[in-house]
Amino acid sequence: MAAYVAVTAAYWAFMLSDGALRMLVLLHFHTIGFSPIQLAWLFLLYEFMGMVTNLSAGWIAARFGLTSTLYAGLGIQIAALLMLAQLDPGWSVWGSVAFVMVVQGASGVAKDLAKMSSKSAVKLLAPDGDGALFRWVAVLTGSKNAVKGFGFLLGAALLAAFGFTPSIYAMAVVLAVILGAVALFMPAGLPRGKKSAKFKDVFSKDARINRLSAARMFLFGARDVWFVVGIPIYFYAVLSDGSHAGNRAAFFQIGTFMALWIIAYGAVQAWAPKLLGAKDKPLSRIVGQAATWVGLLTLIPFALALAALVAGGPAGWLTVTLVAGLMVFGFVFAVNSSVHSYLILAFTQAERVTMDVGFYYMSNAAGRLLGTLLSGLSYQLGGLPLCLATAGAMAGLSFLIVRRLD
């Protein structure tokens with residue numbers, strides 16, 4: 001339990017900074033004139049490096065131990081923040097894009113080292129039986145997303161109150177203090193690694209793990225298609241009049257919505273085992289429920305895309321519809337995500353948990369990469385209707401794959 005608490009605390013600290021950094025970068029660069037495509041580019045290397053990291057992080061953890069990858073994730077995030085603070089406003093737009101992409105790439109490495117370490121630790125530390133594994137992973141995942149939601153709000157508030165560079169420095173200092181505290185008080189209990197671990201073992205031979213990974217890719221692509229660029233930019237167009245005061249007010253409102261969405265999403269994730277009655281259900285029943293919930297998820301973005309198409313542009317009724325619809329999407333998506341996080345740990349074996357979890361979250365990062373690219377591209381080409389319809393199509397692909405898990 002002490003090791004679980006320490007791992008969770010480290011993960012919380014990281015995700016708070018990760019959420020704040022995303023909102024700082026998105027809103028700051030939008031206000032200085034970056035287009036939706038350029039904004040999407042800022043996050044592409046972040047997601048790509050997440051794929052690369054997850055593919056190798058499972059093997060690194062198996063060889064060198066989980067605490068080493070957890071500490072490395074926090075340390076790299078601190079270095080990325082300090083690099084980002086060196087951004088020069090005098091650079092050209094594409095020079096700034098290239099620099100921020102590199103820094104975001106380092107942050108992507110950091111995030112997925114921390115995530116893989118934390119999720120793998122649950123498999124090793126959770127007690128056996130009585131649905132404990134589902135509950136423990138749901139609590140870790142749900143609480144992490146609630147903390148990330150506060151990070152979105154924190155990032156928007158810091159940008160409005162202190163500006164870009166002071167906010168970045170403050171986050172780096174706080175994260176360094178937390179890393180020192182976690183390293184000092186981390187108890188024993190996590191594996192130290194085995195020199196016999198081989199990189200080729202990262203690729204799973206279990207068809208269930210491979211299919212679940214593919215379904216996860218399209219599931220998270222369906223979220224990030226609207227989440228990364230489309231909806232924040234639409235809300236900015238609705239809420240800001242272009243003045244400095246209008247921008248500040250819009251930052252707070254956009255940050256608040258994104259924060260509340262992530263916090264509510266995290267709360268539903270933590271509640272999912274009880275909602276599904278998972279304690280008394282066999283694994284096969286939970287697999288069946290995964291297909292039902294992703295089928296329901298597919299309908300929501302298509303309905304919102306139709307509403308956006310009918311509206312033809314920003315409108316009060318459309319904004320209210322989007323807020324309500326995306327909160328429903330968040331509820332259904334959270335149940336899907338929680339079930340997936342449980343299934344990957346249920347399918348894998350303890351001796352290869354870091355490698356299977358790393359491979360699975362590589363697919364998760366691939367989905368975010370695809371969703372991020374399509375978010376900027378679809379919004380640029382077809383506005384909000386195409387952005388939301390693309391999210392529906394990706395959720396539909398996830399549904400088709402999950403149906404084959406049995």
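Residues numbered from 1 in each chain as written. Predicted model: local features only at pLDDT ≥ 70, side-chain atom pairs only at ≥ 80, totals over all residues. Heavy atoms only, no water.

A.B. asks: Is there a simple way to think about the overall build of the chain in this case?
C.D. replies: Helices and strands together make up the secondary structure of the chain, namely eleven helices and zero strands. Each helix and strand of the chain, placed in order from N terminus to C terminus, yields the pattern α-α-α-α-α-α-α-α-α-α-α. Within the chain, the fraction of its 406 residues that count as buried is 58%. Long-range contacts, defined as pairs at least 24 residues apart, comprise 86% of the intrachain contacts of the chain with a sequence gap of at least 6. Carbon together with sulfur atoms contributes 70% to the accessible area of the chain, which is approximately 15,200 Å² in total. (Helix = DSSP H or I, 4+ residues; strand = E, 2+ residues; numbered from the N terminus. Buried < 20%, exposed > 50% of the residue type's maximum accessible area, 1.4 Å probe, protein only. Contact = heavy atoms within 4.5 Å. Areas by Shrake-Rupley, 256 points an atom, 1.4 Å probe, with all protein chains shown as cover.)

A.B. asks: In this structure, what is going on with the packing of helix 9 (residues 283–311) against helix 10 (residues 316–347)? I would like to understand it.
C.D. replies: Each pair of packed helices gets described by two things: the angle between the helix axes and the distance between those axes. With their axes 9 Å apart at the nearest point, helix 9 and helix 10 run at an angle of 160 degrees to one another. As the angle between them shows, helix 9 and helix 10 are arranged roughly antiparallel. Two packed elements cross with a definite hand, and for helix 9 against helix 10 that hand is left-handed. (Axes fitted to C-alpha atoms, helices over the stretch in contact; angles between N-to-C directions. Parallel < 35°, antiparallel > 145°, perpendicular 65-115°, else oblique. Left-handed = near helix turned anticlockwise from the far one by under 90°.)

A.B. asks: In this structure, what is going on with empty space enclosed by the protein? I would like to understand it.
C.D. replies: By rolling a water-sized probe across the atoms, one finds the places where empty space is left. In this structure the tally under the stated criterion is three cavities of 30 Å³ or more. One number sums up the size of the largest cavity: a volume of about 120 Å³. Looking at the largest cavity, it is lined by 18 residues, and the ones nearest its centre are Lys115, Lys144, Asn145, Phe220 and Arg223. Broken down by secondary-structure element, the contributors of at least two residues to the lining of the largest cavity are helix 4 (93–125), helix 5 (132–162), helix 7 (207–239), helix 8 (244–275), helix 10 and helix 11 (353–402). Residue classes in the lining of the largest cavity are distributed as four nonpolar, six polar and eight charged. Put simply, the second largest cavity is a space of about 70 Å³. Looking at the second largest cavity, the residues that line it are Arg22, Tyr46, Glu47, Lys111, Lys148, Phe152, Arg223, Asp224, Phe227, Ile262 and Arg368. (1 Å grid on protein atoms, 1.4 Å probe; cavity = no way out; pocket = protein on both sides within 12 Å on 5 of 7 lines; lining within 4 Å. Points joined across faces, edges and corners; volume = space filled by probe spheres on them. Nonpolar A, V, L, I, M, F, W, Y, C, P; charged D, E, K, R; others polar.)

A.B. asks: How do you make sense of the side chain of Thr319 when you look at a structure like this?
C.D. replies: Looking at the secondary structure, you find Thr319 in helix 10. What makes Thr319 buried here is its relative accessible area of 15%. One polar contact links Thr319 to Tyr234, side chain to side chain, over a distance of 3.0 Å. Beyond its immediate chain neighbours, meaning those up to four positions away, Thr319 contacts Tyr234, Phe235 and Val238. (Polar contact = N/O pair within 3.5 Å; in protein donor to acceptor, adjacent residues only side chain to side chain.)

A.B. asks: So what exactly am I meant to see when it comes to the environment of Trp271 here?
C.D. replies: Tracing the sequence through the fold places Trp271 in helix 8. Classification of Trp271 by relative accessible area gives partly exposed; the value is 40%. As a C-alpha pair, Trp271 and Ala138 span 133 residues in sequence and 7.4 Å in three-dimensional space.

A.B. asks: Whenever I open this one, the nonpolar core confuses me. Can you help?
C.D. replies: When a protein is soluble and globular, its nonpolar side chains tend to lie buried together. Counting 125 residues, the largest nonpolar core has Phe29, Leu42, Trp226, Trp261 and Leu343 as its most contacted members. Sort the elements by how many residues they give to this core and helix 11 lands first, with 18 residues. Contact partners of Leu42, with chain neighbours within four places excluded, come to Val25, Phe29, Phe34, Val97, Val100, Met101 and Gln104. (Core = buried A, V, L, I, M, F, W, Y, C linked by side-chain atoms within 4.5 Å.)

A.B. asks: How should I be thinking about a nonpolar patch on the surface in this particular structure?
C.D. replies: A grouping of Leu16, Phe150, Leu153 and Leu154 is seen on the molecular surface, where their side chains present a nonpolar patch of about 300 Å² in accessible area. Here the nonpolar patch gets three residues from one element, more than from any other, and that element is helix 5. Looking at the element boundaries, Phe150 is found in helix 5. Under the relative-accessibility criterion, Phe150 is labelled partly exposed at 47%. (Patch = residues over 30% accessible without salt bridge, like charges linked within 9 Å, V, L, I, M, F, W, Y side chains within 5 Å. Salt bridge = Lys/Arg side-chain N within 4 Å of Asp/Glu carboxyl O.)

A.B. asks: Can you walk me through the side chain of Ser17 in this structure?
C.D. replies: Tracing the backbone through its elements, the reader meets Ser17 in helix 1 (residues 2–31). A distance of 3.3 Å separates the side chain of Ser17 from the side chain of Gln77, its partner in a polar contact. Here Ser17 is in contact with Gln77, Met171 and Leu175, once residues within four sequence places are set aside.

A.B. asks: I keep staring at the packing of helix 7 against helix 10 and nothing clicks. Help me out?
C.D. replies: Contact geometry of helix 7 with helix 10 gives a least axis separation of 11 Å together with a crossing angle of 155 degrees. The angle between helix 7 and helix 10 places the two elements in the roughly antiparallel class. The interaxial crossing formed by helix 7 with helix 10 has left-handed handedness. Per-class residue counts for the contact of helix 7 with helix 10 are 20 nonpolar, five polar and three charged.

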